[in-house]
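# Working through the structure, step by step
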Amino acid sequence: MIAQRREQYIEGKVLNARTRTFIPNVYVINLTSVSGTTTDQTGTFKIQSKVRDKLYFSFLGFKPIKVEVTNDMIKYRGTEVALTELAYALETDVATLYSFTGFLDIDARNTPITVGRRYNISGLPNRSYEVGDYSPGAVTKMLGGLFGVDNSLYSVFRRKAEKMKKLRLMRKNTDIKAFLSSKYDRNMILEFLGISIYDLEAILKNCNYSNLFIKKANDLQVLEAVSTCYDNFNILNRYN
């Protein structure tokens, strides 16, 4: 009889490195398995993990950190992860960004759409940005971009094929979607996909997203954009 493999978890707490007080509602994301959770009111978290998994801890006003799981972290309960506070000025700037918009699916239902599939951004009067341009001209432009001789988009998608497979899992995970809907720094997307900010911008530009969208969309909207672009790339590549 084959023994069933027991699932492995890490249990621990997240605390403020300066005050040593525990922090509730910190996002804890397993970058390897594409899963996530948050700390409870006592700063405690529990997440399924195995040795060498990468865990990402993030909370508004604190510097995010990435931790590699060790045997001791799984074997012994009570791992403590300390987050360092950001400078007050930076914290103020970040907090301002958080007022722009919420979940993509909620925005899509409640925000007026113009002919160019543009969405108004709450807090930016008389400004809008597209979530993909589906005009005939845009399709031609994207096709040219996808299969250009020196195209960076093709290179990134081919080079990071294994990482790109995480896109579907990320879109299905409600904890990760909730986290990304409140972020504008692209850090989590870059960590998940293993790409640079230059690669990310190249993907969005080649798939016909505007500079305004690239700068102002939240991370969940950027995730949806990259995922849509990658799906289109795979479909078109079959016939190329």
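Numbers given to residues run from 1 along each chain, matching the order in which its sequence is written. Since the coordinates come from a predicted model, pLDDT governs what is reported: local features require at least 70, and pairs of side-chain atoms require 80 or more to be given and counted, while whole-chain, interface and lining totals use all residues. For side-chain calculations, the full set of non-hydrogen atoms in the structure is used, while hydrogens and water are omitted.

## A word on the packing of aromatic side chains
Here is the rule: rings of Phe, Tyr and Trp (six-membered ring for Trp) pair when centre to centre is within 6.5 Å. Planes less than 30 degrees apart are stacked, more than 60 are edge-to-face, and the remainder are tilted. For the structure shown, the criterion picks out 5 aromatic pairs. When the ring of Tyr27 is compared with that of Phe179, the centres are 4.8 Å apart and the planes differ by 70°; the resulting orientation is edge-to-face. Taken together, the residues span a long stretch of sequence, with Tyr27 in strand β2 (residues 27-30) and Phe179 in helix α8 (residues 174-181) at a distance of 152 residues. For the exposure calls, accessible area comes from a 1.4 Å probe over protein chains only, and a residue counts as buried if that area is under 20% of its type's maximum, exposed if over 50%, partly exposed in between. Taking relative accessible area as the criterion, Phe179 reaches 1% and is therefore assigned buried. The way it works is that DSSP assigns letters per residue, a run of H or I at least four long becomes a helix, a run of E at least two long becomes a strand, and they are numbered from the N terminus.

## As for the confidence of the model for the protein chain
It should be kept in mind that the predicted coordinates are not to be read in detail where pLDDT is low. Known as pLDDT, the predictor's per-residue confidence is scaled from 0 to 100. The predicted model of the protein chain averages 75 in pLDDT, with 68% of residues at 70 or higher. Across the protein chain, element-level confidence peaks in strand β4 (residues 44-48) with a mean pLDDT of 95 and bottoms out in helix α3 (residues 104-110) with 37. Contacts between residues were defined by any pair of non-hydrogen atoms, one from each residue, lying within 4.5 Å. Per-residue pLDDT stays below 50 along residues 88-129; that stretch engages in 68 contacts with residues further than four places along the chain or on separate chains. Counting contacts from residues 133-143, a segment whose pLDDT is below 50, to residues more than four positions away or on other chains yields 12 contacts.

## Let's talk about the sheet that holds strand β8 (residues 79-85)
In this description, strands pair whenever DSSP reports at least two bridges between them. Strand order in the open sheet made by the 4 strands is β4-β1-β8-β6, with mixed pairing throughout. Each edge of the open sheet carries a strand with a single partner, namely β4 and β6 (62-63). Relative to β8, strand β1 (residues 9-16) is paired through 5 bridges, and the arrangement is parallel. Along β8, the bridge assignment pairs Val14 with Val81.

## Considerations on the environment of Ile197
If you trace the backbone, Ile197 turns up in helix α10 (residues 197-206). A relative accessible area of 30% means that Ile197 is categorised as partly exposed. As a C-alpha pair, Ile197 and Arg186 span 11 residues in sequence and 7.7 Å in three-dimensional space. Not counting the four nearest positions on each side in its chain, Ile197 is found in contact with Arg186 and Leu190.

## Some thoughts on α10
Listing the buried residues of α10 in full gives Asp199, Leu200, Ala202, Ile203, Leu204 and Asn206. Immediately beyond the C-terminal end of α10, within one or two residues, lies Asn208, with a positive phi of roughly 75°.

## A word on the pairing of β2
Residue alternation in β2 divides its side chains into two sets, Tyr27 and Ile29 and Val28 and Asn30, and both sets are buried. Bridging between β2 and strand β3 (residues 35-38) involves 4 bridges; their strand directions are antiparallel. Its bridge partner lying in β3, Asn30 is registered against Ser35. Where β2 folds back on β3, the antiparallel hairpin that results is connected by 4 residues, among which Val34 adopts a positive phi of roughly 60°. Pairing analysis gives 4 bridges linking β2 to strand β5 (residues 54-58), with the strands arranged antiparallel. Bridging across to β5, Asn30 finds its partner in Leu55.

## Overview of the nonpolar core
In this structure, Met164, Leu180, Phe192 and Leu204 are the most contacted members of the largest nonpolar core, which totals 36 residues. Those elements that provide at least two residues to this core are β2, α5 (152-159), α7 (166-172), α8, α9 (187-193), α10, α11 (211-216) and α12 (219-237). A total of 8 residues in this core trace back to one element, the largest contributor, which is α12. Apart from residues no more than four positions distant in its own chain, Leu180 is found in contact with Met170, Met188, Ile189, Asn218, Asp219, Leu220 and Leu223. Counting residues in each nonpolar core, the second largest holds 16 residues, with Ile10, Leu55, Val69 and Val81 among its members. By nonpolar core we mean a set of buried residues, namely Ala, Val, Leu, Ile, Met, Phe, Trp, Tyr and Cys, connected to one another through side-chain atoms within 4.5 Å.

## Some thoughts on the pattern of salt bridges
The salt bridge criterion pairs a side-chain nitrogen of Lys or Arg with a carboxyl oxygen of Asp or Glu, the two atoms within 4 Å. Counted according to the given criterion, the structure contains 12 salt bridges. Of the charged contacts in the structure, one is a salt bridge between Asp53 and Lys50, with a shortest N-O distance of 3.1 Å. Salt bridges linked by common partners bring Arg171, Glu224 and Asp231 together as one network.

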